[in-house]
Amino acid sequence: MLSRDAGAPAAGAGELAERLERVRATIAAAALRVGRQPEDVTLVAATKTVPAPLVYQAALLGVRHFGENYVQEAAAKRSALQGTLPPGVCWHLIGHLQTNKAAAALELFDIIETADSFRVAQAISRRAGARAVPVLLEVALGEAPERLGFRPDELERAVAAVRELPGVAVQGLMAVPPPEASLHEVRRLFRRLRELRGQLASTYPDQDWRHLSMGMSGDYEVAIEEGATMVRIGRAIFGERPSKQG
Ligand SMILES: *Cc1c(COP(=O)(O)O)cnc(C)c1O
């Protein structure tokens, strides 16, 4: 079975440039293989557990999109980095949003990739104020019933409801395949996400469907081959995260 384990030992600033270069080249090659333009794929550096100085280094190396999973961690990092980052940096929430943290999240993030239920979309809408907050609808791929996200069979109706919410600007779909899925299975799930987007685009042609956020360190080449416009990459750039057990 093909392995999706594509991390590396934790990076220092020196190795970072090399790893980033390798990831960028891999993204470009995957895009070109299927007749796509490399610049149509946005690299989102997934920086959970990555210390602020390394985030700063990545920004110096040209990374402009960062994905964080937790509101609190993002807030601490943003405040450590205050005034140091180049202009044009864009922050993505890529972890589940607790509805009571919606206000804080909207101060920190430019796009919420994880609108995983109508309740979450509602919470964003309530706090949006005058903004139109870019969001992606997270889709539950795979069989496990406890997975976060809209089920494929409820997406059409969910879109109808979310579209009515003021301040919420849907821009596409996002998914995280089950960690135990093989590369072969992951490809099937990524293809399914692309097909779902195609169906939604024919039901709601006036809606913005530009983004498919899919692909992580172990499977981003496959994701790009299947149409990803955003890949969220952590370990392949920053090295292995410390294990939760410590
Ligand atoms: C951690 C995380 C990533 C990055 O995963 P890697 O395997 O480190 O590349 C991408 N997407 C989400 C939602 C994550 O939580």
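As a reminder, the structure under discussion sits directly above these lines.
The paragraphs below set out a description of the structure included in this document. (Residues numbered from 1 in each chain as written. Predicted model: local features only at pLDDT ≥ 70, side-chain atom pairs only at ≥ 80, totals over all residues. Heavy atoms only, no water.)

**A few points about the site of the ligand**
The environment of the ligand is formed by Ala46, Lys48, Asn69, Ile94, Val176, Met216, Ser217, Arg232, Ile233, Gly234, Arg235 and Arg241. In this structure, an oxygen atom belonging to the ligand sits 2.7 Å away from a side-chain N or O atom of Asn69. Between the ligand and the protein, one listed contact pairs an oxygen atom with a backbone N or O atom of Arg235 at 2.8 Å. Tallied by class, the residues present in the shell around the ligand amount to five nonpolar, three polar and four charged. (Near = heavy atom within 4 Å. Polar contact = N/O pair within 3.5 Å; in protein donor to acceptor, adjacent residues only side chain to side chain. Nonpolar A, V, L, I, M, F, W, Y, C, P; charged D, E, K, R; others polar.)

**Some words on the environment of Arg33**
As for its position among the elements, Arg33 is in helix H1 (residues 13-33). Residue Arg33 is classed as partly exposed on the basis of its relative accessible area, which comes to 47%. Counting along the chain gives 179 residues from Arg33 to Leu212, while the straight-line C-alpha distance between them is 18 Å. Beyond its immediate stretch of four places on either side in the chain, Arg33 contacts Glu221 and Glu225. One polar contact links Arg33 to Glu221, side chain to side chain, over a distance of 3.1 Å. (Helix = DSSP H or I, 4+ residues; strand = E, 2+ residues; numbered from the N terminus. Buried < 20%, exposed > 50% of the residue type's maximum accessible area, 1.4 Å probe, protein only. Contact = heavy atoms within 4.5 Å.)

**Examining the side chain of Gln171**
Topologically, Gln171 is positioned in strand E6 (residues 168-174). The contact partners of Gln171, leaving out residues within four places of it in the chain, are Ile111, Pro134, Val135, Leu136, Asp208, Trp209, Arg210 and His211.

**A word on the pairing of E6**
Where burial is concerned, most of E6 is hidden: six out of the seven residues are buried. Direction of pairing for strand E5 (residues 133-138) relative to E6: parallel, over a ladder of five bridges. When the bridges of E6 are listed, Val135 appears paired with Val170. Handedness of the crossover joining E5 and E6 through helix H6 (residues 155-162) is recorded here as right-handed. (Pairing = 2+ DSSP bridges. Right-handed = clockwise from strand over helix to strand, strands pointing away.)

**Section: the packing of H6 against helix H7 (residues 183-203)**
Relative orientation of the contacting elements H6 and H7 amounts to 50 degrees, with a least axis distance of 11 Å. In terms of axis orientation, H6 runs oblique to H7. Helix-helix and strand crossings are classified by hand; for H6 and H7 the assignment is right-handed. On the side of H6, the interface is formed by Leu155, Glu156 and Val159, while H7 contributes Leu196, Gln199, Leu200 and Thr203. Considering only residue class, the contact of H6 with H7 consists of four nonpolar, two polar and one charged. (Axes fitted to C-alpha atoms, helices over the stretch in contact; angles between N-to-C directions. Parallel < 35°, antiparallel > 145°, perpendicular 65-115°, else oblique. Left-handed = near helix turned anticlockwise from the far one by under 90°.)

**Considering the pattern of salt bridges**
Evaluated as defined, the whole model comprises 16 salt bridges. Residues Asp206 and Arg163 are paired through a salt bridge, measuring 3.4 Å at the closest nitrogen-oxygen approach. Of this pair, Asp206 sits in the loop between H7 and strand E7 (211-213) while Arg163 sits in the loop between H6 and E6, placing them 43 residues apart in sequence. Residue classification places Asp206 among the exposed positions, given a relative accessible area of 62%. Each of the salt bridges in this network shares a partner with another, and the network as a whole consists of Arg33, Arg187, Arg191, Arg194, Glu221, Glu225 and Glu226. (Salt bridge = Lys/Arg side-chain N within 4 Å of Asp/Glu carboxyl O.)

**Thoughts on helix H3 (residues 71-80)**
For H3, every residue scored as buried is listed here: Val71, Ala74 and Lys77. Along the long axis of H3, the arc covered by the buried residues comes to 130 degrees, so they all point the same way. In H3, the exposed positions that point more than 90 degrees away from the buried face belong to Gln72 and Ala80. Of the surrounding elements, those touching the buried residues of H3 are helix H2 (52-60), strand E2 (65-68) and helix H4 (102-108). (Arc of directions from axis to C-beta.)

**Thoughts on the side chain of Thr229**
The topology assignment puts Thr229 in the loop between helix H8 (220-225) and strand E8 (230-233). Judged by its relative accessible area of 10%, Thr229 falls in the buried class. In terms of polar contacts, Thr229 uses its side chain to reach the side chain of His211, at 2.8 Å. With sequence-adjacent residues up to four places away left out, Thr229 is seen in contact with Arg36, Asp40, Val41, Thr42, Arg210, His211 and Leu212.

By themselves, these figures tell us nothing about what the structure is for.
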